[in-house]
Amino acid sequence: MSGETLGKRTVESLRQMKQQGQKITMLTAYDYPTARILNRSGIDMILVGDSLGMVLLGYSSTQEVTMDDMLRHTAAVARGNTCCFLVGDMPYLSYESPKQALENAQRFLSVGADAVKLEGNYKEIVQHLVGHQVPVMGHIGLTPQTATNFKVRGRTEAAARQLLCEAAELQDAGCFSLVIESVPRKLGAQITQQLDIPTIGIGAGPDCDGQVLVWHDVVGIFEEFTPRFVKRYALLAPEMEKAARAYVEDVRGGIFPGDEHCYN
Ligand code: KIV
């Protein structure tokens, strides 16, 4: 069934999916054509992740991503979105105080996001946003904006307890959902069981309520590195290169444009 026939996903419909044991699907997108494709695919949620800094803009980390970057790409995705629940990722240093966080979160909503996501255990910020009708998705475990390494989180008993505690606090603060990144599968399952809100895992095992991956990893157009948790469903980079090479050959050989491409 095409995504569009399922209707627009909402905070409420995502909560019901958890209750009914239906898995929630989420992918990142950063542009209009990808948003159109994902809408047709049946995906429930689209994240305009700050991962765009690395996979799309060529920055060396997500710390360089600005609000302007995020708003331009969120608006582009929103123009192609009809039925997915659209989450905009608040970039590094954009939620340093409740006032700044609210202003920036409202800018995401004004360009078409349904909710914002922020990394870390910022309970007061979450409470402030939710108190002003901004739906918030939390993000715990490996939080790339502030990470100094990309190792799995929550491996020791104390670290696991800490993450279970953060998850509960973010739920209590009002998050409608939680991304859990790079934790052992057992901990992903424990956090999911403990919460009423849906968990969306990335490298957090199969027992989360849903899964998210970065689109450029899924279709094989980001070639720099591939984390263990990625499953690649297509390998488009060589195909794109092949198309570009064929074009170069055709133009150089006088084959393109042919008669059929000319106005007479
Ligand atoms: O920025 C992003 O794409 C993310 C996902 C990996 C969860 O935060």
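The notes below deal with the structure included here. (Residues numbered from 1 in each chain as written. Predicted model: local features only at pLDDT ≥ 70, side-chain atom pairs only at ≥ 80, totals over all residues. Heavy atoms only, no water.)

A word on helix H2 (residues 11-19). Among the residues of H2, Leu14, Met17 and Lys18 are the ones counted as buried. End-on view of H2: buried residues confined to an arc of 100°, all on one side of the axis. Tucked inside the fold, the buried residues of H2 contact strand E1 (24-28), strand E2 (45-48), strand E3 (85-89) and helix H9 (185-194). Following H2 by one or two positions, Gly21 has its phi on the positive side, about 70°. (Buried < 20%, exposed > 50% of the residue type's maximum accessible area, 1.4 Å probe, protein only. Helix = DSSP H or I, 4+ residues; strand = E, 2+ residues; numbered from the N terminus. Arc of directions from axis to C-beta. Contact = heavy atoms within 4.5 Å.)

A contiguous nonpolar patch, built from Tyr247, Val248, Val251 and Phe256 and spanning about 340 Å² of accessible area, is present on the exposed surface. Within the secondary structure layout, Tyr247 lies in helix H11 (residues 236-252). (Patch = residues over 30% accessible without salt bridge, like charges linked within 9 Å, V, L, I, M, F, W, Y side chains within 5 Å. Areas by Shrake-Rupley, 256 points an atom, 1.4 Å probe, with all protein chains shown as cover. Salt bridge = Lys/Arg side-chain N within 4 Å of Asp/Glu carboxyl O.)

With that out of the way, let us pick up the packing of aromatic side chains. Counted under the stated rule, the structure contains four aromatic pairs. Look at Tyr247 and Phe256: their rings are 6.0 Å apart centre to centre, the planes differ by 55°, and that puts the pair in the tilted class. (Phe/Tyr/Trp six-rings, centres within 6.5 Å; stacked < 30°, edge-to-face > 60°.)

With that settled, the discussion passes to the nonpolar core. Core analysis: the largest hydrophobic core is formed by 72 residues, its most contacted members being Met45, Leu129 and Ile191. The biggest single contributor to this core is helix H8 (residues 157-173), with six residues. With residues up to four places along the chain from it excluded, the contact list for Ile191 reads Ile140, Leu163, Leu164, Ala167, Leu178, Ile180 and Thr199. (Core = buried A, V, L, I, M, F, W, Y, C linked by side-chain atoms within 4.5 Å.)

It is worth spelling out the pattern of salt bridges at this point. Across all of its chains, the model carries 11 salt bridges by this definition. Across the pair Arg9 and Asp44 runs a salt bridge, and its minimum N-O distance is 2.9 Å. One end of the pair, Arg9, is in the loop between helix H1 (3-6) and H2; the other, Asp44, is in the loop between helix H3 (32-41) and E2, and 35 residues separate them in sequence. With respect to class, Arg9 is no different from Asp44; both count as buried. Note that Glu169 is salt-bridged to Lys123, the shortest N-O span being 3.2 Å. Highlighted residues: Glu169 in helix H8 and Lys123 in helix H7 (residues 123-131), separated in sequence by 46 residues. For Glu169, a relative accessible area of 26% gives the class partly exposed.

Helix-helix packing is characterised by the crossing angle of the two axes and by the distance between the axes. Taken N-terminus to C-terminus, the directions of H7 and H8 make an angle of 25°; their axes are 8 Å apart at the nearest point. In terms of axis orientation, H7 runs roughly parallel to H8. For the pair H7 and H8, the crossing hand works out as right-handed. For the pair formed by H7 and H8, the contact residues are Lys123, Val126, Gln127 and Val130 on the first element and Glu169, Leu170 and Ala173 on the second. Here the residues of the contact of H7 with H8 are counted per class, giving four nonpolar, one polar and two charged. (Axes fitted to C-alpha atoms, helices over the stretch in contact; angles between N-to-C directions. Parallel < 35°, antiparallel > 145°, perpendicular 65-115°, else oblique. Left-handed = near helix turned anticlockwise from the far one by under 90°. Nonpolar A, V, L, I, M, F, W, Y, C, P; charged D, E, K, R; others polar.)

Attention now moves to the sheet that holds strand E8 (residues 210-213). Ordered in space as E1-E2-E3-E4-E5-E6-E7-E8, the eight strands form a closed barrel in which the pairing is parallel. With strand direction ignored, the average angle separating the axes of adjacent strands in the sheet is 25°. Of the strand pairs in this sheet, E1 and E2 are connected by three bridges, and their pairing is parallel. From the neighbouring strand, Met26 faces E2, where its bridge partner is Met45. Contacts from H7 reach strand E4 (115-119) and strand E5 (136-141) within the one sheet, and its direction differs from that of E4 by about 175°. (Pairing = 2+ DSSP bridges.)

For the largest pocket, the calculated volume is near 790 Å³. What lines the largest pocket is a set of 39 residues, among which Leu142, Pro144, Glu181, Pro227 and Phe229 lie closest to the centre. Along its surface, the second largest pocket is lined by Met26, Leu27, Gly201, Ile202, Gly203, Gln211, Val212, Leu213, Val218, Phe229, Lys231 and Tyr233. Sorting the residues of the lining of the second largest pocket by element identifies E1, strand E7 (199-202) and E8 as the ones contributing at least two each. Examining the composition of the lining of the second largest pocket, we find that three residues originate from one element, E8, more than from any other. Classifying every residue of the lining of the second largest pocket gives eight nonpolar, three polar and one charged. (1 Å grid on protein atoms, 1.4 Å probe; cavity = no way out; pocket = protein on both sides within 12 Å on 5 of 7 lines; lining within 4 Å. Points joined across faces, edges and corners; volume = space filled by probe spheres on them.)

Another point: the site of the ligand. Around the ligand, the neighbouring residues are Thr28, Leu47, Gly49, Asp50, Ser51, Asp89, Lys117, His139, Val179, Ile202 and Val214. The separation between an oxygen atom of the ligand and a polar side-chain atom of Asp50 is 3.0 Å. Residue Asp89 places a side-chain N or O atom 3.1 Å away from an oxygen atom belonging to the ligand. Coverage of the ligand by the protein chains reaches 94% of its 250 Å² of free accessible surface. Spatially, the ligand is embedded in the largest pocket. Along the lines of polarity and charge, the residues of the shell around the ligand split into four nonpolar, four polar and three charged. (Near = heavy atom within 4 Å. Polar contact = N/O pair within 3.5 Å; in protein donor to acceptor, adjacent residues only side chain to side chain. Sits in = over half its atoms within 2 Å of the grid points.)

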